Amino acid sequence: MDEDSKPLLGSVRAGEYYTDSLDPKQRRPFHVEPRNIVGDEVQERVSAEAAALSSRVHYYGRLTASSDRLLVPPDHVIPSPEDIYIYSPLGTAFKVHGGDSTPKNPSIVTIFAIWNTMMGTSILSMPWGIKQAGFTLGIIIIVLMGLLTLYCCYRVLKSTKSIPYVDTSDWEFPDVCKYYFGGFGKWSSLVFSLVSLIGAMVVYWVLMSNFLFNTGKFIYNYVHNVNTSDTFGTNGTDREFRSLFPQLTGVLTLAFFIHNCIITLMKNNRHQENNVRDLSLAYLLVGLTYLYVGVLIFAAFPSPPLSKECIEPNFLDNFPSSDILVFFARTCLLFQMTTVYPLLGYLVRVQLMGQLFGDHYPSFLHVFILNIFVVGAGVLMARFYPNIGSIIRYSGAICGLALVFVLPSLIHMISLQRRGELRWPSAVFHGFLVVLGVANLFGQFFM
């Protein structure tokens, strides 16, 4: 934009006010003290201050001829561009020069966003996972898996910073994988990301069909005044340590999985220096939530004649369909999942079609075939294998192999090697993470 075409004082373009300096080349946005606008009264006061400053500087320019610079506002009165702020109606002040003009979130919003994103259907399988591992070992595994996945997520978050001489401000983790591993890194990250999304859609479909069936059953029994009592299976033996613990590690890999979008979430954090702290606090909240639900349901499950062995992969199935509170919970979850399921389908379409055809919607036929495949997979699993615990652990172990354990560790070791900073303790530890990811996957099939 030409300097002479800039608006005079009091006018606005792209959220900026410009001083009516006598010399067009000296025009710069004027400044109002940054503050949060939390109400209409404060907003009106800030607007009044801006209007007063506008009139004052405009008055200076009218006092003398354009050739007289005696009363031109001095430079120290008008702040430098990096100190210019604009205000959103919601009360967030952000700069319009010298950085991104997107409103940033405070740490508390970032923490809760990560917490909310990670909390999903895995929580319904947590008591079953603890039963498979044993009570004591299950608690230990939840804590250890939370720490390991947190560290790997930290490595993903820092991966863009390890690339020298390249502007990585707009990069995501697949871009980093492509930088280090070429086309293989790009496509492998895409495939494993799709595994996590499609696995979640299959779990959602199984749960939606389950909730819809039990909701209809409750309404039918209520209308026809039928009393039913659900059975929980046969008795068994409760143990503190069990050899089926890999089933819990598979569930937890997906339960703590946020690695494919953590860079995007953290870009909107207002204080970037607090990213590691905020990420750690979010993981702490998620881990405590899983421990609370898993331990509480497992410990409160009835004693003999019923056994912990009777805990279902979806712990809501352990409650009778005539329970009014469980009916309400299933109805709310059914509504929530019907709203999230199309969003997951959109993400699958955007990622897959964008990479294959360079267009998010290449044609109706392409999208129709993709939807038939995804929905068909959910229908088949709901019909023949409605075990959400196993679906979660298989998909979690597969996507976690690449995006949680292998790729972040390899990228970190390669970046250290290129800088000549790789030492044997780091190589051993990150090599162990790679082996752990492989063992976690194979453990789902052989243990």
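Residues numbered from 1 in each chain as written. Predicted model: local features only at pLDDT ≥ 70, side-chain atom pairs only at ≥ 80, totals over all residues. Heavy atoms only, no water.

Within the protein, the regular secondary structure consists of 12 helices and 4 strands. When contacts within the protein are restricted to residue pairs at least 6 apart in sequence, those whose partners lie at least 24 apart make up 75%. (Helix = DSSP H or I, 4+ residues; strand = E, 2+ residues; numbered from the N terminus. Contact = heavy atoms within 4.5 Å.)

On to the side chain of Thr-149. When you line up the elements, Thr-149 lands in helix H4 (residues 135-158). Here Thr-149 falls in the buried class, since its relative accessible area comes to 0%. With residues up to four places along the chain from it excluded, the contact list for Thr-149 reads Phe-256, His-259, Tyr-283 and Val-404. (Buried < 20%, exposed > 50% of the residue type's maximum accessible area, 1.4 Å probe, protein only.)

Attention shifts here to helix H10 (residues 364-384). Every α-helix winds through 3.6 residues per turn, so residues three or four apart in the chain are directed the same way. The first and last C-alpha atoms of H10 sit 30 Å apart over 21 residues, in line with the 30 Å expected at 1.5 Å per residue. Every buried residue of H10 is listed here: Val-367, Leu-370, Val-374 and Gly-378. Projection of H10 onto a plane perpendicular to its axis shows the buried side chains occupying an angular sector of 70 degrees, all on one side. The outward face of H10, more than 90 degrees from its buried face, is lined by the exposed residues Phe-364, Leu-365, Ile-369, Ile-372, Phe-373, Leu-380, Arg-383 and Phe-384. At its buried positions, H10 is contacted by helix H5 (173-223) and helix H9 (324-357). (Expected span 1.5 Å × (residues − 1). Arc of directions from axis to C-beta.)

Glancing now at the pattern of salt bridges. Counted according to the given criterion, the structure contains 4 salt bridges. Notably, a salt bridge pairs Glu-172 with Lys-267, separated by 3.6 Å at the nearest N-O pair. Within this pair, whereas Glu-172 is found in the loop between H4 and H5, its partner Lys-267 is found in helix H7 (residues 262-267), the two being separated by 95 residues in sequence. (Salt bridge = Lys/Arg side-chain N within 4 Å of Asp/Glu carboxyl O.)

Before going further, it helps to spend a moment on a nonpolar patch on the surface. Taken together, the side chains of Phe-245, Val-438, Phe-442, Phe-445, Phe-446 and Met-447 make up a nonpolar region of the molecular surface, amounting to roughly 620 Å² of accessible area. Assignment of secondary structure puts Phe-245 in the loop between H5 and helix H6 (246-255). The exposure class of Phe-245 is partly exposed, given its relative accessible area of 31%. (Patch = residues over 30% accessible without salt bridge, like charges linked within 9 Å, V, L, I, M, F, W, Y side chains within 5 Å. Areas by Shrake-Rupley, 256 points an atom, 1.4 Å probe, with all protein chains shown as cover.)

Put simply, H6 and helix H11 (residues 388-418) touch, their axes get as near as 7 Å, and they point 65 degrees apart. Where H6 crosses over H11, the handedness of that crossing is left-handed. Counting all contacts with H6, which are made through Gln-247, Gly-250, Val-251, Thr-253 and Leu-254, the residues of H11 involved are Gly-389, Ile-392, Arg-393, Ser-395, Gly-396, Ala-397, Cys-399, Gly-400, Val-404 and Phe-405. Of the residues in the contact of H6 with H11, the class split is 7 nonpolar, 7 polar and 1 charged. (Axes fitted to C-alpha atoms, helices over the stretch in contact; angles between N-to-C directions. Left-handed = near helix turned anticlockwise from the far one by under 90°. Nonpolar A, V, L, I, M, F, W, Y, C, P; charged D, E, K, R; others polar.)

The next point concerns helix H3 (residues 126-133). Most of H3 sits out of view: 8 of its 8 residues are buried. Every buried residue of H3 is listed here: Met-126, Pro-127, Trp-128, Gly-129, Ile-130, Lys-131, Gln-132 and Ala-133. Gly-134, located one to two residues past H3, shows a positive phi value of around 100 degrees.

Interpretation note: all reported values are geometric properties and have no functional meaning in isolation.
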